Protein chains: 2
Amino acid sequence: MLKIKTTNSLVTPLLTDKYQLTMAYAYWKSEKQNQDAVFDLFFRKNPFKGEFTVFGGLDEVIKFLHNFKFQQDDIDYLKTTMPNCEQGFFDYLLSLDASKVKLFAIDHGTICFPKIPLVRVQGPLAVVQLLETPLLNLINYPSLMATNAARFKLASGPKVTLLEFGCRRAQGPDGAISASKYSFVGGFDATSHVEAGKLFGIPIQGTHAHSFVSSYMDFSDIKNPTLKDSKGEKEVNFVEFTLEARKETGYLNTNDSELAAFIGYALSFPDGFLALVDTYDTLLSGVPNFLTVAYSLHKLGYKSVGIRLDSGDLAELSKQSRKMFTECGEKFGVDYFKDFRIVASNDINEPAIHKLNANNHEINVFGIGTHLVTCQAQPALGCVFKLVEIDGVPRIKLSNELIKITIPGKKEAYRLFGKDNQPLLDVLVKTDSEQIPKVGERFLCRDPAIESKRMVVTPSKVVPLHSCYWDGKQVKDVPSLAETRKFVLQQLENINPVHLDLLKPKQYPVTLSDELYHFLHDLWLKEQPPIELK
Amino acid sequence: MLKIKTTNSLVTPLLTDKYQLTMAYAYWKSEKQNQDAVFDLFFRKNPFKGEFTVFGGLDEVIKFLHNFKFQQDDIDYLKTTMPNCEQGFFDYLLSLDASKVKLFAIDHGTICFPKIPLVRVQGPLAVVQLLETPLLNLINYPSLMATNAARFKLASGPKVTLLEFGCRRAQGPDGAISASKYSFVGGFDATSHVEAGKLFGIPIQGTHAHSFVSSYMDFSDIKNPTLKDSKGEKEVNFVEFTLEARKETGYLNTNDSELAAFIGYALSFPDGFLALVDTYDTLLSGVPNFLTVAYSLHKLGYKSVGIRLDSGDLAELSKQSRKMFTECGEKFGVDYFKDFRIVASNDINEPAIHKLNANNHEINVFGIGTHLVTCQAQPALGCVFKLVEIDGVPRIKLSNELIKITIPGKKEAYRLFGKDNQPLLDVLVKTDSEQIPKVGERFLCRDPAIESKRMVVTPSKVVPLHSCYWDGKQVKDVPSLAETRKFVLQQLENINPVHLDLLKPKQYPVTLSDELYHFLHDLWLKEQPPIELK
């Protein structure tokens, strides 16, 4: 029955709230199940006190539509939980798929803003209703994650490599896989998570842990000390060879068991030696031992990679380590020593990066776990899924809170660009309207709520944001993760930095066409009659 | 190859960090892979600024051990990422399973405290090392989640029913499933998440959403208005019948489309009518419409359930609603109306519950989503996995920060109870020690760090906390989720409330036997020689 491979066995039509099924039953009983419904999926507020969001999850949404089909054992289970429902309903459920559904979406990885539908779904009321929870689940966290990753990218700057290290602290196995995937989309360079590498082709990286260092007692722990030089010409006992090299580096008072561990690791990866240097004492033992082994490897023609710092004052330790690299390189006339990579990985979050930057750190790579994958600063994006039209009649969800009012009817979104080719604003327009923004023509855009707030734009470029990805079947491809990542990074370059600022961002305007503005306000007043004074 | 059904297709040996594999290779190269290693999995700090934690995840850990086996396509992938590693290593990886591993754990659902190992794993160094990331992943979030749920339970009190509503905001599909599962373990009564119900037998609940209400335009939306009374004797047009009942209740100025939706829902679930009442105006439309339909159903012999509030001042609205229920019940002489259930579900977190309590709310059921499942107040538990012994030699991870020092060697944990049968403290004792706490005998317990802080306990009961769950194969069953939940709730009753206080909790003592205290401190001093003044 399954048409394409799912990432996760849990992504089935039962990834949903029970009320979707009780509603489906009530729709079916009222013969409303096939009414033509339009739902918008959107968020009301950017996460992390920021002013932008990166759209993630479209790839899994499309996979979900391919596979949207209740199985007999799902139905058997549902019957036990809805014992008084008619058999005809369960037959109906079993017959459902996404062949009558249309899905429009903004492109995967689009930098997006509140109120603009990320996804618009049209189809039989009961079916589209059943898609609510899975679509929200498949979009909320991926978008949050991609946004968080992009923020880390902006915070750490273009020169720093970013690694996702969150597998152990993620919210379950799939929290981990989604984190790896969408942090890559948001601009990370690699992950430590092996399964994410296997499933999605994301580059994976990793070296060793403290336990590796602690597991070595002394040099006798190394049973196979033989190492050939890089040309495969001469063979040495690498333990003895390194202990000789140690006399040259002069780092004699370091921890021997740590040195043994480094030698053990270098024997396995002579081409890619990177050492975790803080098990005992970073500057008195770890870095000296690293340099001894790196020098020993150098003498055999191997170029080491660098160190990882996992505790302490990372800025200060990185500067001190860089100084030691440079001095050691100068001592032996080896130029590349000064450029050894410094990886840092201890509880890094956005404020920590700002502080490291202010302290002129010498770190080349951040390994980021907990704060990235759990999105500590705001662990959920509040996407909602709202009915905006039924059988051609626009619907509005009223609320006394302005921010919670939905914009009724089917809508298109356009991104209007200024002379410098930077996006100026997004504007929502009624579908099939003749009031459409055009290049070189003045267009009136209105704030959805504040009557006096109007902007006139003469766009140099007009980009429609939505396109149809699913029309009974998939009609447009979702680009690869690597392409999506590239698209994200390009947009981060091209959007006015005031909107991307991490600390004091400026709101990006999301507006309505004049026609949609009046349509919204007329309906709003109509649905909410004036209070009768008695 | 798989021996038991996994919950999630992503839970494989590749649910791991790459460095576990590079380390495994280095162990293998040094012929250290079969050294007998002991690792402790523990946390250093209770989450949520609290003083207790509920252990979750043991069930999935045991499943993982059953299925721990690399597949050929895993190996094929790994070869591409570790191109210079020897073929023998990959053959070795392919041969691995958990048949040489021993796992001791505290019981699933145990209320536990920092430093006490949740799990102790013993076995071949490389294998146990490979278990690190998956075990942390499978324990960190479940324990965090169960703890968070228990806190919600404590906050809302024994009379309130708790529903987990977080599927759409959880961190991925498995974030959702883990959230449903371990919130049940922590004391929740049911979930909205259908898959969790199917997989784990957790009760599922749900009614309808705002979109359901919005989807009804008027009474003509109801195509099948016929309803039989509860005895199946008389048949009415339920729309007409309810409009007549409305004349009796006198609620004539309510929103008709909302009333139509409620009638539509009641027709489908006449036995379990529960209405979401805030789509238009809770007190002017929603509750009156609910009461009209409930009265109409009452006249046909059906008893309605209640209402759900999803916005506004929940305490005030619940009190006003209760008042309206009571008045309406009195008017028609129906006693049970005053007891209609009030479900509340808008962005509820711990502080919100404290506030609701202070305002004497009339809510019977909390539906909690985002704040529960994302553990907003602290989205990660920091469990670590530390090597404590290798080939019988104790290992210690030093750190300048006292809190980060590990307690070396194999240890047993005992919970000592006082006269009132309440736990007094936990004490760690060296495995195979003769210094073991016994009922009625004085036992000296020491703070791990502060020399002067000693306690003498004469326990009325001594409970060893660890038992062996896995010895090459599963040797002890993990109780069902329902039993585990019961165990959690029993402990919450029996632990001194000062440790469970949500706002100003008192630390529960975790101590060492005198022998272990000296063992730790001797090793610590030995491994960290005095600073040489120059």
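Not measured: the values here are computed from a predicted model.

About the criteria used
- Residues numbered from 1 in each chain as written.
- Chains lettered and ligands numbered in written order.
- Predicted model: local features only at pLDDT ≥ 70, side-chain atom pairs only at ≥ 80, totals over all residues.
- Heavy atoms only, no water.
- Helix = DSSP H or I, 4+ residues; strand = E, 2+ residues; numbered from the N terminus.
- Buried < 20%, exposed > 50% of the residue type's maximum accessible area, 1.4 Å probe, protein only.
- Contact = heavy atoms within 4.5 Å.
- Lys, Arg positive; Asp, Glu negative; His and termini not counted.
- Charge placed at Lys NZ, Arg CZ, Asp CG, Glu CD.
- Salt bridge = Lys/Arg side-chain N within 4 Å of Asp/Glu carboxyl O.
- Phe/Tyr/Trp six-rings, centres within 6.5 Å; stacked < 30°, edge-to-face > 60°.
- Lys NZ or Arg CZ within 6 Å of the ring centre and 35° of its normal.
- UniProt positions renumbered as here; feature names shortened; annotations may be inferred.
- Least-squares fit on C-alpha atoms with pLDDT ≥ 70 in both.
- Axes fitted to C-alpha atoms, helices over the stretch in contact; angles between N-to-C directions.
- Parallel < 35°, antiparallel > 145°, perpendicular 65-115°, else oblique.
- Left-handed = near helix turned anticlockwise from the far one by under 90°.
- Nonpolar A, V, L, I, M, F, W, Y, C, P; charged D, E, K, R; others polar.
- Buried area = accessible area lost by both parts, 1.4 Å probe.
- Expected span 1.5 Å × (residues − 1).
- Pairing = 2+ DSSP bridges.
- Right-handed = clockwise from strand over helix to strand, strands pointing away.
- Polar contact = N/O pair within 3.5 Å; in protein donor to acceptor, adjacent residues only side chain to side chain.
- Core = buried A, V, L, I, M, F, W, Y, C linked by side-chain atoms within 4.5 Å.
- Domains from an automatic or database assignment.

K.L.:
Lay out the overall build of chain A with the relevant residues and their values.
P.N.:
Counting secondary structure elements, chain A contains 17 helices and 22 strands. Principal-axis analysis of the C-alpha atoms gives chain A an extent of 95 × 60 × 50 Å. Per-residue burial for chain A yields a buried fraction of 64% across its 534 residues. Pairs at least 24 apart in sequence give 74% of the contacts found in chain A among residues at least 6 apart. Averaging the positions of the 61 positive and the 63 negative side-chain charges in chain A gives two centres separated by 3 Å.

K.L.:
I'd love a proper account of the pattern of salt bridges, names of residues and values included.
P.N.:
All names here are of chain A. Summed over the entire model, instances satisfying the criterion amount to 50 salt bridges over all chains. Notably, a salt bridge pairs Lys338 with Asp335, separated by 3.5 Å at the nearest N-O pair. Of the residues examined, Asp335 reaches a relative accessible area of 56% and is grouped as exposed. Shared partners join several salt bridges into a network, and the residues in it are Asp59, Glu60, Lys63 and Lys181.

K.L.:
Outline the packing of aromatic side chains, listing residues and values.
P.N.:
The geometry of an aromatic ring pair is captured by two quantities: the separation of the ring centres and the angle between the planes. Tallied over the full model, the rule gives 48 aromatic pairs over all chains. A centroid spacing of 5.2 Å and a plane angle of 35° characterise the contact between A:Tyr27 and B:Phe212, whose relative ring orientation is tilted. Placement of the pair is A:Tyr27 in helix 1 (residues 18–29) and B:Phe212 in helix 8 (residues 210–214), with the two residues belonging to separate chains. Aromatic rings pair up to connect A:Tyr25, A:Tyr27, A:Trp28, A:Phe89, A:Phe90, A:Tyr92, B:Phe212, B:Tyr216, B:Tyr265 and B:Phe269 into one cluster. In this structure, A:Lys430 is placed above the aromatic ring of A:Phe519, and the distance from its NZ or CZ to the ring centre is 3.7 Å.

K.L.:
Pulling in residues and values, what's your account of unusual backbone geometry?
P.N.:
We note that A:Asn360 has phi near 50°; this positive angle belongs to a residue other than glycine. Residue A:Asn360 is classed as exposed on the basis of its relative accessible area of 54%. One non-glycine residue, B:Lys115, adopts positive backbone phi at about 80°. With respect to the element layout, B:Lys115 can be found in the loop between strand 4 (111–112) and strand 5 (119–124).

K.L.:
For the UniProt feature "domain: Nicotinate phosphoribosyltransferase C-terminal" (unreviewed entry) in chain A, give the residues involved together with the corresponding values.
P.N.:
The UniProt record marks residues 410–519 of chain A with the feature "domain: Nicotinate phosphoribosyltransferase C-terminal" (unreviewed entry), using the residue numbering of this structure. Between the end C-alpha atoms of residues 410–519 of chain A there is a gap of 12 Å, over a span that is 22% helix and 34% strand.

K.L.:
Before we move on, could you go through the environment of A:Ala482 and cite the residues and values that matter?
P.N.:
Tracing the chain through its elements places A:Ala482 in helix 15 (residues 481–494). On the basis of relative accessible area, A:Ala482 is assigned to the partly exposed category, the value being 48%.

K.L.:
Could you give an account of the relation of the copies chain B and chain A, naming the residues involved and the relevant values?
P.N.:
When chain B is fitted to chain A, the residual RMSD is 0.0 Å, and the transformation amounts to a turn of 180° plus an axial shift of 0.0 Å. Here the transformation between the copies is reduced to the relation of a two-fold axis. Residue by residue, 100% of the interface of chain B is reproduced at the interface of chain A, so both copies engage with the same surface.

K.L.:
Which residues make up the packing of helix 2 (residues 58–67) of chain A against helix 5 (residues 125–156) of chain A, and what values go with them?
P.N.:
Residues and elements named next belong to chain A. Interaxial distance between helix 2 and helix 5 falls to 8 Å at its minimum, and their mutual angle equals 150°. Taken together, the axes of helix 2 and helix 5 lie roughly antiparallel to each other. The chirality of how helix 2 crosses helix 5 is right-handed. Facing Glu60, Val61, Phe64 and Leu65 of helix 2, the residues of helix 5 in contact are Leu131, Pro134, Leu135, Leu138 and Ile139. Here the contact of helix 2 with helix 5 is composed, by residue class, of 8 nonpolar, no polar and 1 charged.

K.L.:
Please give an account of the interface of chain B and chain A that cites residues and values.
P.N.:
Each partner contributes residues to the interface: chain B has 110 residues there, and chain A has 110 residues. Among the residues chain B hides against chain A, the three largest losses belong to B:Leu10, B:Arg168 and B:Gln171. Together they make up 10% of the total. For the interface between chain B and chain A, the tally reads 10 salt bridges. Its salt-bridge partner being A:Lys198, residue B:Asp73 comes within 3.2 Å of it at the nearest N-O pair.

K.L.:
Account for helix 6 (residues 172–185) of chain A, naming residues and giving values.
P.N.:
All names here are of chain A. When the terminal C-alpha atoms of helix 6 are compared, their 20 Å separation across 14 residues agrees well with the 20 Å that a helix rising 1.5 Å per residue should span. Within helix 6, 14 of the 14 residues are buried, which leaves the element mostly enclosed by the surrounding structure. Trailing helix 6 by a residue or two, Gly187 shows a phi angle of about 125°, which is positive.

K.L.:
With reference to specific residues and values, describe the pairing of strand 12 (residues 341–344) of chain B.
P.N.:
Residues and elements named next belong to chain B. For strand 11 (residues 306–309) and strand 12, the ladder comprises 4 bridges, and the chain directions are parallel. Looking at the pairing, Gly306 lines up with Arg341 of strand 12. Read as a crossover between parallel neighbours, the route from strand 11 over helix 12 (residues 314–332) to strand 12 is right-handed. Here 2 bridges tie strand 12 to strand 13 (residues 365–368), and the two strands are oriented parallel to one another. Considered in strand 13, the bridge of Val343 is made with Val365. In this fold, strand 12 hands off to helix 13 (residues 350–358), which returns the chain to strand 13; that crossover is right-handed.

K.L.:
Describe the side chain of B:His208, naming the residues involved and giving the relevant values.
P.N.:
Mapped onto the secondary structure, B:His208 falls in the loop between helix 7 (194–200) and helix 8. Taking relative accessible area as the criterion, B:His208 reaches 0% and is therefore assigned buried. Of the polar contacts made by the side chain of B:His208, one reaches the backbone nitrogen of B:Leu276; its length is 3.1 Å. In this view, B:His208 contacts A:Tyr19, A:Met23, B:Val213, B:Phe262, B:Tyr265, B:Leu274, B:Ala275, B:Leu276 and B:Arg308; residues no more than four positions away in its chain are not counted.

K.L.:
Give me the lowdown on the packing of helix 9 (residues 238–249) of chain B against helix 10 (residues 256–268) of chain B, citing residues and values where you can.
P.N.:
Residue and element names in this part refer to chain B. Interhelical geometry of helix 9 versus helix 10 gives an angle of 125° and a closest axis separation of 11 Å. Taken together, helix 9 and helix 10 sit at an angle that is classed as oblique. Relative to helix 10, the crossing made by helix 9 is right-handed. Contacts between helix 9 and helix 10 involve Phe238, Val239, Thr242, Leu243 and Arg246 from the former and Asp256, Leu259, Ile263, Ala266 and Leu267 from the latter. Here the residues of the contact of helix 9 with helix 10 sort into 7 nonpolar, 1 polar and 2 charged.

K.L.:
How would you summarise the nonpolar core if you had to cite specific residues and measurements?
P.N.:
Ranked by internal contacts, the top residues of the largest apolar core, which has 336 residues, are A:Leu103, A:Phe238, A:Phe290, B:Leu103, B:Phe238 and B:Phe290. Domain assignment of the residues forming this core places at least three in each of domain 1 (18–149 + 378–527) and domain 2 (207–363) of chain B. With residues up to four places along the chain from it excluded, the contact list for B:Leu103 reads B:Leu58, B:Val61, B:Ile62, B:Leu65, B:Val119, B:Arg120, B:Val121, B:Leu135, B:Ser467, B:Cys468, B:Tyr469 and B:Trp470. One finds B:Tyr414, B:Leu416, B:Leu425 and B:Val427 within the second-largest nonpolar core, a separate group that totals 9 residues.

K.L.:
Can you tell me about the sheet that holds strand 21 (residues 466–471) of chain B, naming the residues and giving the values?
P.N.:
All names here are of chain B. The 6 strands are arranged 15-14-1-5-3-21 in an open sheet whose pairing can be described as antiparallel. Bordering the open sheet on either side are strand 15 (393–394) and strand 21, each of which pairs with just one other strand. With 2 bridges joining them, strand 14 (residues 384–390) and strand 15 adopt antiparallel strand pairing. Within strand 15, the position partnered with Glu389 by the bridge is Pro394.

K.L.:
Report on the side chain of B:Thr511, specifying residues and quantitative values.
P.N.:
Along the chain, B:Thr511 falls in strand 22 (residues 510–513). Those residues within four positions of B:Thr511 in sequence are excluded, and the remaining contacts are B:Leu425, B:Asp426, B:Val427, B:Leu428, B:Cys445, B:Arg446 and B:Met455.

K.L.:
Give a description of the sheet that holds strand 10 (residues 274–276) of chain A that names residues and reports values.
P.N.:
Residue and element names in this part refer to chain A. Judged by pairing direction, the sheet is parallel, and its 6 strands sit side by side in the order 7-6-13-12-11-10 without closing on themselves. In this open sheet, the two edge strands, each paired with only one partner strand, are strand 7 (190–191) and strand 10. In this sheet, strand 7 lies alongside strand 6 (residues 161–164) in parallel orientation, the contact comprising 2 bridges. Following the sheet pairing, Glu164 is matched in strand 7 by Thr191. Those strands touched by helix 12 (residues 314–332) are strand 11 (306–309) and strand 12 (341–344), and its axis lies near 160° from that of strand 11.

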